Amino acid sequence: MPSFDDQVAGFARRLATHASRRGVLSRLGRVMLGAAALTPVLPIERNFGRAQANEHQMDATKCDYWKYCSMDGQLCACCGGSGHECPAGTEAGKVSWVGTCRNGHDGRDYLVSYTDCCGKSSCGMCDCHGNVRERPGYSMGVHNDSNWCMANKNVSYHCTISVIVGVADQ
Ligand code: ABN
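Everything numeric here is computed off the predicted structure, so don't read it as measured data.

Undergrad: For this particular structure, what's the right way to read the sheet that holds strand β2 (residues 91–103)?
TA: Each strand in a sheet pairs with its neighbour through backbone hydrogen bonds, running either in the same direction (parallel) or in the opposite one (antiparallel). Spatial strand order, β2-β3-β5: three strands in an open sheet with antiparallel pairing. Each of the sheet's edge strands pairs with one partner strand only, and the pair in question is β2 and β5 (157–167). Each strand of the sheet is rotated relative to its neighbour by a mean of 25°, with strand direction disregarded.

Undergrad: Just to check I follow, could you spell out the site of the ligand for this structure?
TA: The local shell around the ligand consists of D72, W97, D116, N144, D145, S146, N147 and Y157. At 2.9 Å, a backbone N or O of N144 approaches a nitrogen atom of the ligand. S146 places a polar main-chain atom, nitrogen or oxygen, 2.7 Å from a nitrogen atom of the ligand. For the ligand, the accessible surface in isolation is 250 Å², of which the surrounding protein chains cover 79%. Looking at the shell around the ligand residue by residue, the class counts come to two nonpolar, three polar and three charged.

What counts as what
- Residues numbered from 1 in each chain as written.
- Predicted model: local features only at pLDDT ≥ 70, side-chain atom pairs only at ≥ 80, totals over all residues.
- Heavy atoms only, no water.
- Pairing = 2+ DSSP bridges.
- Helix = DSSP H or I, 4+ residues; strand = E, 2+ residues; numbered from the N terminus.
- Axes fitted to C-alpha atoms, helices over the stretch in contact; angles between N-to-C directions.
- Near = heavy atom within 4 Å.
- Polar contact = N/O pair within 3.5 Å; in protein donor to acceptor, adjacent residues only side chain to side chain.
- Areas by Shrake-Rupley, 256 points an atom, 1.4 Å probe, with all protein chains shown as cover.
- Nonpolar A, V, L, I, M, F, W, Y, C, P; charged D, E, K, R; others polar.

Here's what the structure looks like:
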């Protein structure tokens, strides 16, 4: 039986004898075109490992980021800051509130603190109201519907950040 190398050499020789270079190129082009046309309908995983149910779960500019579950306010990530840093020209409020949010990726509950950023007028972008486990004002630490810049020198509310503080006991 001829070796693999001999078989390939024989095939190449037959091809060279019976097919023109242009013919081979055009057939190759057709195969490539066909593959390109078929690719969009093939069942390929196209979300490259991102969460399937909701692609915004970890996007700091979207209300449905899991750590915003008890958010009430405008996301600083949409206002020149980030999900956890106040924008330039503002300062963190002296009082924060906390929430407990479930991270859908690992199924665990996390303690999350929320802090208003103060010193500029309202940013007006990405207004989010999660309010999970939020309580009325007499439970101050878990109440979000107040201007928590009230203890700062400049009480103007601009936006809100959140920081994951720790994992809740199971
Ligand atoms: N804690 C966010 C907020 C700020 C101003 C008014 C209502 C709620």
